[in-house]
Amino acid sequence: DPVAKNGHPKWYPPAADANAIGNTGLRLYNSLTDDKDLFVPRNGKKVGMYVCGPTVYNVSHMGHARASLTFDILRRVLEDYFGYSVLYQVNITDIDDKIILHARRNKLFADYKAKNKSASDLQADIEKALASQKAKLEEKARELAEPLPAGVQKRVVEERETLIKENALKQTQLGETVSKLEAAKGNVEALYAAGSDLLKEMIDKELGHTVTDQAIFEEHARRFEMSWLEDMWALKVRDADVLTRVTEYVPDVVDFIEKTVGKGFAYASNGSVYFDTQHFKKTHDYPKLVPAAGQATAADIAEGEGALASEMTGEKRHQNDFALWKKSKAGEPSWPSPWGPGRPGWHIECSVMASDVLGDCMDIHGGGSDLKFPHHDNEMAQSEAYHGCQQWVNYFIHAGHLHIKGLKMSKSLKNFITIKQALEMYTARQMRLMFLNQRWDKAMDFSDQTMDAAKSLEAKLNNFFGEVKAILRKDWTKTRQRWTPAESALQKALEKTQDEVHERLCDNVDTPEVMRALSDLVTETYKYMKQTETPQALILQRVAQYICKVLKIFGVIEGMDDIGFTSAAAASGEQAVAPYLDAFTDFRDAVRTDAMAKKNTDVLKLCDSVRDVTMVQLGVRLEDKPTGKAVWKLEDAEALKKEQAEKDNAANAKDSAKRKNKLQQDIKKMEKDLGPLRQALIPEDQYWTAGANANKYGAERDDSGLPTTDAKGEALSKKAAKGVKAEWDTFQKTRATLAEQSGGKPDEFVKERESELAKLQQELESLS
């Protein structure tokens, strides 16, 4: 029976027999109900799952990683924990307005650069483009400043607030571009680097219609598809079972649209085809995911129809109607159709490709939360119209946004970090741990804090595994094996964790709580190891193996997807090197202990170097313990190098800060000392009219040659006259001291001091 929850229209739950093989107790947050619904596949433990993939117009950023890693983790949990057989389909959007614009602009920009314009001509073109962009943003700001009509939907208000922030960010970025252009004046390459985006947009407006070679768009899409795949492999994302491209489905798209038109749910208009939302609503619910979006906003329409849809105004029967087929204009790729040359609309591709692989109903559809409306609602509407059903998707799940400084990470906002850039700073494991530490269905910030938390957890787990391995390498068979209350307590802690992990995974795959439970188990195990004179190797192995099992399910530890039999040589690699590393570590311990006793700093530095440089290059972590016995652990060499580099950078920064502070103090003292010395170089007859005393006193002097009036000609007070006398005495004393110290060459002496000061100031500047 259908149910309606939280303001959503009817949802038809799959048959939920408590004893059904597919009923594992898992509940997923279903965007069709905004509730955690019991997950039951249509066909036993077989799951059909479709996830919106990338639009391959540029390099992928961490916002894309948010979706890819989130659904990779969910898929792994479904497959490797709950035992479902998941047919996992991902699409590649390789026909899209963004692809058209980027491919076209890159081609036109390359042609523009080939003209070898002079710096002055280039500067003039950039200033023209800059003026246009500035006017565009100012006009947008004025438009956004207009008050909204009374009684508008809450989401319209929220959209306005977001657009204001985004436009402000773009204006700030334009200001930064202006600064770069100022610095680049006269330098052709620097001007191109700073003004390329501005030029591309301007040139495309003027010449975009002249790009007619369809291969330009195809090559652009293939290039960035491969870039995305390389990023996925680098992030250790499990390959999709089915990867579908829109360009390979255009005839199917045309057939799908023809049948939808034939059923009365779509209509042709001026070479394009639109879905008739008002006709559809007579027999179906629309929209389902965002019911409040019954009336599309301007932002919805812009998002749904794309950047090249400006000429569609007046073609639609209702503003909520959306394009199934777009008439191609000059400068756009096209395919033949009954309505003339054109290309698929955005939403239709997913319906056609998913229907081809998963049929007239799928178990799970996933995507980013920003796709709920209009994309996913429109996708469901056209699919239900085509298949003649009321529910094309049983469970719709959405990953939360990845934010940076409070705004969604986005190419259009230029506030993004590419996946490749992120992988230069962090490992794939650290990034996966960061996502595991966050709720998959909620927004999260990508920041130093969230990454530091992931790195800290990684270090805790890594150290724990190393400690357990070190104990297992010893001959534990010669120690007591009977359990004491301590081992029984640790076993109970393990069982409690296993129960909690299961409960949390059943509760909408709550990975942050799972990771917390694993971290707590590590803490409990450390307590056991610390409080037990001879920790039992087998119970420690049991705990560590369970934690590794969960981490393998999450994709944190590799090995779950290996094909073929694991060779004995590969499996026993650590055991093979253990005797040699044990011998080396024992030797280093003896050398280090002797050097510490004799306070031989040179040898101690060598011991540190072999630990921090040589062994790190080999992928071996050496940890010096207070007992004097080091523990070795085999780890990923690249990860160790990054970690050591961070330590070295931190140490260098600390040393730099200390040196900077010392320089500031030395400079301050030297400047203080140089002041009187510079004054002492002034000839006696000019002392009261030069240097710090210039324009300070009148021309009148007493018998000793000291001034008696101030600059206004007024007589000095007794106190001021006394000060003048004291200053003169100090001046004479400083001159005498300077003459003695300089060996009769005071000018050279002061110049040498000033040269020393300049060197210190230069060094300080280099550290700033």
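Computed from a prediction, not measured in an experiment: that's the story for all the values here. Along each chain, the written sequence defines residue order, and numbers are assigned to residues from 1. Only residues with pLDDT of at least 70 get local features here, since the model is predicted, and only at 80 or more are side-chain atom pairs given and counted; chain-wide, interface and lining totals rely on the full set of residues. Hydrogens are left out, water is left out, and the side-chain values use all remaining heavy atoms of the structure.

Visitor: An account of the sheet that holds strand S6 (residues 266-269) is needed here, citing residue identities and associated values.
Guide: In space, the four strands of this open sheet follow the order S6-S7-S8-S9, with antiparallel pairing throughout. Every other strand in the sheet has two partners, leaving S6 and strand S9 (342-344) as the edge strands with one partner each. Strand-to-strand twist across the sheet, computed as the mean angle between neighbouring axes with direction ignored, equals 25 degrees. Note on contacts: a residue pair is in contact if any heavy atoms of the two residues lie within 4.5 Å. Geometry is summarised by axes, namely lines fitted to C-alpha atoms with helices restricted to the contacting stretch, and by angles between N-to-C directions that run from 0 to 180 degrees. Where helices and strands are cited, they refer to DSSP runs of H or I of at least four residues and of E of at least two residues respectively, numbered from the N terminus. Helix H7 (residues 250-262) contacts S6, strand S7 (272-275), strand S8 (322-327) and S9 of the sheet and is inclined by roughly 125 degrees relative to S8. In this analysis, strands are considered paired if DSSP registers two or more bridges between them.

Visitor: Tell me what's going on with helix H17 (residues 537-554), and back it up with residues and numbers.
Guide: How far a helix is expected to stretch is found by multiplying one less than its residue total by 1.5 Å. With 18 residues, H17 should cover 26 Å at 1.5 Å per step; its first-to-last C-alpha distance of 26 Å lies within 8% of that length. Only protein chains enter the accessibility calculation, which uses a 1.4 Å probe. A residue is then buried if its area is under 20% of the maximum for its type, exposed if over 50%, and partly exposed in between. Within H17, burial applies to Ala537, Ile539, Leu540, Val543, Ala544, Tyr546, Ile547, Val550, Leu551, Ile553 and Phe554. On its buried side, H17 packs onto helix H1 (62-81), helix H13 (428-436), helix H14 (448-473), helix H15 (485-506) and helix H16 (511-531). In the stretch just after H17, Gly555 is the one whose phi turns positive, near 85 degrees.

Visitor: If you had to explain unusual backbone geometry to someone new, which residues and values would you point to?
Guide: Cis geometry marks the peptide bond from Tyr286 to Pro287, where omega comes out at -10 degrees. For the peptide bond that leads from Phe373 to Pro374, omega is 10 degrees, which places it in the cis range. Residue placement: Pro374 occurs in helix H11 (residues 372-387). For Asn270, which is not glycine, the phi torsion reads 55 degrees and is therefore positive. On the secondary structure map, Asn270 appears in the loop between S6 and S7. Here Asn695, not a glycine, exhibits a phi torsion of approximately 60 degrees, which is positive. Structurally, Asn695 is set in the loop between helix H21 (637-680) and helix H22 (718-741).

Visitor: Mind laying out the environment of Asp96, listing which residues take part and the relevant values?
Guide: With respect to the helices, strands and loops of the structure, Asp96 is situated in the loop between strand S4 (85-92) and helix H2 (97-113). Contact partners of Asp96, with chain neighbours within four places excluded, come to Thr55 and Arg343. At 2.8 Å, the side chain of Asp96 and the backbone nitrogen of Lys98 are in polar contact. As used in this structure description, the phrase polar contact means that two N or O atoms lie within 3.5 Å; if the pair is within protein, one of them must be able to donate a hydrogen and the other to accept it, and residues adjacent in sequence are counted only when both atoms belong to side chains.

Visitor: So what's going on with the nonpolar core? Which residues, and what values?
Guide: To form a nonpolar core, buried Ala, Val, Leu, Ile, Met, Phe, Trp, Tyr and Cys residues must be joined to one another through side-chain atoms within 4.5 Å. Counting 131 residues, the largest nonpolar core has Met49, Met62, Ile547 and Phe554 as its most contacted members. Broken down by element, the residue count for this core peaks at 11 residues, all from H17. If we ignore the near neighbours within four places in the chain, the residues touching Phe554 are Ile73, Arg76, Val77, Arg432, Leu436, Leu505, Thr511, Val514 and Met515. Within the second largest apolar cluster, 25 residues are counted, among which are Leu108, Phe109, Leu174 and Ile216.

Visitor: Would you mind going over a nonpolar patch on the surface in detail, with residue names and values included?
Guide: A cluster of nonpolar side chains, namely Val577, Tyr580 and Leu634, defines an oily patch on the protein surface of about 290 Å² accessible area. For Val577, the location among the structural elements is in helix H19 (residues 573-598). With relative accessibility at 32%, the residue Val577 sits in the partly exposed group. For patch detection, residues must exceed 30% relative accessible area and be free of salt bridges, and they are connected within 9 Å for like charges or within 5 Å for nonpolar side chains (Val, Leu, Ile, Met, Phe, Trp, Tyr). Here the accessible surface of atoms and residues is derived via Shrake-Rupley with a 1.4 Å probe, and residues count as covered only by protein chains that are part of the display. Think of a salt bridge as a Lys or Arg side-chain nitrogen and an Asp or Glu carboxyl oxygen that are within 4 Å of each other.

Visitor: Mind laying out the environment of Asp213, listing which residues take part and the relevant values?
Guide: With respect to the element layout, Asp213 can be found in the loop between helix H5 (188-207) and helix H6 (214-234). In this structure, the C-alpha to C-alpha distance between Asp213 and Gly331, residues 118 residues apart in sequence, is 8.5 Å. A distance of 3.0 Å separates a polar atom in the side chain of Asp213 from the backbone nitrogen of Ala215.

Don't take any of this as a statement about function, it's just geometry.
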